[in-house]
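Survey of secondary and tertiary structure
Take a look at the letters that make up each chain.
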Amino acid sequence: MPDYTVINPATEQAVTTVTLSTAAETDAAIERAAAAQVSWRAVAPGDRARLLRRFAAEVDAHAAELAALEVAGSGHPVGQATWEAEHVRDVLEYYAAAPERLAGRQIPVAGGLNVTFHEPLGVVGLIVPWNFPMPIFAWGMAPALAAGNTVVAKPAEVTPLTARRIGELALAAGLPEGVLAVLPGKGSVVGQRLVDHPLVRKIVFTGSTEVGREIMAGCARQVKRVTLELGGKSANIVFADADLEQAAATAPYAVFDNAGQDCCARSRILVQRSVFDRFMELLEPAVMGLRVGDPALPETQMGPLISAAHRERVASYVPDGAPVAFRGTAPGGPGFWFPPTVLAPAGEHSPAFTDEVFGPVVTVTPFEDEADAVTIANDTPYGLSGSIWTENVGRAIRVARGVETGNLSVNSHSSVRYWTPFGGFKQSGLGRELGPDALDSFTEVKNVFIAS
Ligand code: TAP
């Protein structure tokens, strides 16, 4: 069995070695999950809810340990990593309320009645990317389990540590064996088996649009259910009437959080031309003040990139001669560091403006009026996230309706709330996660007529 050495992105030192699962082991885990699902779906709703709450409590009790694993294995700043572990707890608690509310309907018909049931799908395969190993794992896993499915999850090859530990915590909380399996391994091996194995009834995939297309094609062969959460190239639109101080102060967090390795990163800042220079004056100190460094320190706001290869890819978007307006700081020495970088004016055909960089690089572009802002914001195959800054409520609503994207915030840089729906338009994905309706995509509606 092959091993993978997890590298600390801040030090380039080995953290630990993880054994990668083979295709045969994946098949065995899927078969165990299918067997376990028969009894898991029969667990009384209240008991399933209680087990999920116990699972949440285990995660809560180990939040500091999970955060430390994410600091070492992914380079996330410890404050962020702690939030991520606590977010797993919160998502589990939220969906622990679902089993007891999974009610069908009773529909009057001639000669009897129809009743509907929300039946679990069976085994759900979860394929998770490396950028947010804990939250994205939880978003698929918690509602899938709540609905009575069992889950086989594949963390990204480079960031398996927290998911593996959360899998152990599930067992410690009393979830039966086979209900949640975490299989570190390669996408081309474990991920592919999850897509191909007929006992897996749904794939929840989060990752690049490129791989998402392959997953969708693979699922199509078996008409397998699929949710896709893919890439983004979101706009942060700042109108002249906005609170410019607030918009500029928060813009770095909207794009440089997690070192820009964020599907929701607002990596295109669009600023109304009449306030462009003023906005840039305000943005510069906000970017320069970003604390980039040792992720283990509580005051750190931005850590390193995930790997040397990824840093090289990000650096290719800032070639010699790129229009760098200003750059924040980053440590020298070991570690995959890259300073927060602001490009302005960026050509609208330049790769930094059109591609998902997935690193701390942002372009700032002027626009003329409302229609122009919406046109530029929509000029991308993606549609995941975005922000609108204006004091005019009518404009906020018009622009929010006009921008083709799944998740928007007005006068805020926030992205995700687990109790509201999340997902993309266009090539940013298919389906919605989170929110009160998430169980709809982890169940099938069964319709039964009862003659009377
Ligand atoms: P990908 O390279 O697409 O990998 C995502 C996951 O898919 C990994 O676990 C990967 O395994 C696996 N995989 C790769 N090839 C596969 C295959 N042929 N069959 C099955 N599984 C396969 O993405 P990434 O680089 O990890 O993540 C960055 C991307 O994810 C960005 O585009 C980002 O926007 C997107 N993302 C989207 C969201 C949402 S919510 N929309 C959230 C976070 C990230 P390996 O690790 O072994 O390659």
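Computed from a predicted structure; not experimentally measured.

1. Considerations on the overall build of the chain
From N to C terminus, the chain includes 14 helices and 18 strands. Radius of gyration (C-alpha) of the chain: 23 Å, near the 22 Å computed for a compact globule of 452 residues. For the chain, the C-alpha atoms occupy an extent of roughly 70 × 60 × 40 Å along the three principal directions. Sorting the 452 residues of the chain into buried and exposed places 56% on the buried side. Excluding contacts between residues fewer than 6 apart, the proportion of contacts in the chain whose partners are at least 24 apart in sequence is 73%. Total accessible area computed for the chain in this model is approximately 18,000 Å², and 54% of it derives from carbon and sulfur atoms. Averaging the coordinates of the 36 positive side-chain charges in the chain and doing the same for the 49 negative ones gives two points 7 Å apart.

2. Remarks on the environment of Gly423
Mapped onto the fold, Gly423 is located in the loop between β16 (409-410) and β17 (429-430). Setting aside anything within four residues of it in sequence, one finds Gly423 in contact with Glu229, Leu384, Gly406, Asn407, Gly431 and Arg432.

3. Focus on unusual backbone geometry
Trans peptide bonds make up the majority, and among non-glycine residues the majority have a negative phi. Omega for the bond connecting Ala344 with Pro345 falls within 30 degrees of zero, at -10°, which places this linkage in the cis form. Looking at the element boundaries, Pro345 is found in the loop between β13 (341-343) and α12 (351-354). You will see that Asn411, though not glycine, has its phi angle at about 55°, which is positive. Among the residues examined, Asn411 registers a relative accessible area of 33% and is labelled partly exposed.

4. So, the site of the ligand
Surrounding the ligand, one finds 28 residues, the nearest of these being Val128, Gly187, Ser208, Leu230 and Glu356. Measuring from an oxygen atom of the ligand, one finds a backbone N or O atom of Gly187 at 2.7 Å. Calculation on the ligand without its partners gives an accessible area of 920 Å², and the protein chains cover 86% of this total. The element that contributes the greatest number of residues to the shell around the ligand is helix α7 (residues 187-196), accounting for three residues. In terms of residue class, the shell around the ligand is built from 14 nonpolar, nine polar and five charged.

5. Examining the packing of aromatic side chains
In this structure the tally under the stated criterion is six aromatic pairs. Look at Tyr418 and Trp419: their rings are 4.7 Å apart centre to centre, the planes differ by 75°, and that puts the pair in the edge-to-face class. Residue class for Tyr418 comes out buried when judged on its relative accessible area of 17%. One Lys or Arg, Arg395, reaches over the ring of Phe239 and ends 4.9 Å from the middle of that ring.

6. Examining the sheet that holds strand β5 (residues 123-127)
Taken together, the six strands give an open sheet; going across it, the order is β7-β6-β5-β8-β9-β17, and neighbouring strands pair in mixed fashion. Sheet topology places β7 (180-182) and β17 at the edges, where each strand pairs with a single neighbour. As paired strands, strand β9 (residues 225-229) and β17 are joined by two bridges and run antiparallel to one another. Residue pairing for β17: Glu229 is matched across the bridge by Gly429. Contacts from helix α8 (residues 209-220) reach β5, β8 (200-206), β9 and β17, with the element oriented near 175° to β9.

7. Focus on the packing of helix α2 (residues 45-61) against helix α4 (residues 78-96)
Contact pair α2 / α4: the axes reach a minimum separation of 8 Å and the direction vectors enclose 170°. Put simply, α2 runs roughly antiparallel to α4. Along its contact with α2, which presents Ala49, Leu52, Arg53, Phe55, Ala56, Val59 and Asp60, the element α4 presents Ala85, Val88, Arg89, Leu92, Glu93, Tyr95 and Ala96. Across the contact of α2 with α4, the residue classes break down as 10 nonpolar, no polar and four charged.

8. Some words on the packing of helix α9 (residues 244-256) against helix α10 (residues 276-288)
Taken N-terminus to C-terminus, the directions of α9 and α10 make an angle of 50°; their axes are 8 Å apart at the nearest point. On the basis of their axis angle, the class for α9 and α10 is oblique. Note on packing geometry: the crossing formed by α9 with α10 is right-handed. Counting all contacts with α9, which are made through Leu244, Glu245, Ala247, Ala248, Ala249, Ala251, Pro252 and Phe256, the residues of α10 involved are Arg278, Phe279, Leu282, Leu283, Ala286 and Val287. Partitioning the contact of α9 with α10 into residue classes produces 12 nonpolar, no polar and two charged.

9. A look at the side chain of Thr150
For Thr150, the position within the fold is in strand β6 (residues 150-154). For Thr150, a relative accessible area of 0% corresponds to the buried category. Contact partners of Thr150, with chain neighbours within four places excluded, come to Ala33, Ala34, Ala36, Gln37, Trp40, Gly122, Val123, Val124, Leu145, Gly178 and Val179.

Cut-off values and rules
- Residues numbered from 1 in each chain as written.
- Predicted model: local features only at pLDDT ≥ 70, side-chain atom pairs only at ≥ 80, totals over all residues.
- Heavy atoms only, no water.
- Helix = DSSP H or I, 4+ residues; strand = E, 2+ residues; numbered from the N terminus.
- Rg over C-alpha atoms; globule rule 2.2 N^0.38 Å.
- Buried < 20%, exposed > 50% of the residue type's maximum accessible area, 1.4 Å probe, protein only.
- Contact = heavy atoms within 4.5 Å.
- Areas by Shrake-Rupley, 256 points an atom, 1.4 Å probe, with all protein chains shown as cover.
- Lys, Arg positive; Asp, Glu negative; His and termini not counted.
- Charge placed at Lys NZ, Arg CZ, Asp CG, Glu CD.
- Near = heavy atom within 4 Å.
- Polar contact = N/O pair within 3.5 Å; in protein donor to acceptor, adjacent residues only side chain to side chain.
- Nonpolar A, V, L, I, M, F, W, Y, C, P; charged D, E, K, R; others polar.
- Phe/Tyr/Trp six-rings, centres within 6.5 Å; stacked < 30°, edge-to-face > 60°.
- Lys NZ or Arg CZ within 6 Å of the ring centre and 35° of its normal.
- Pairing = 2+ DSSP bridges.
- Axes fitted to C-alpha atoms, helices over the stretch in contact; angles between N-to-C directions.
- Parallel < 35°, antiparallel > 145°, perpendicular 65-115°, else oblique.
- Left-handed = near helix turned anticlockwise from the far one by under 90°.

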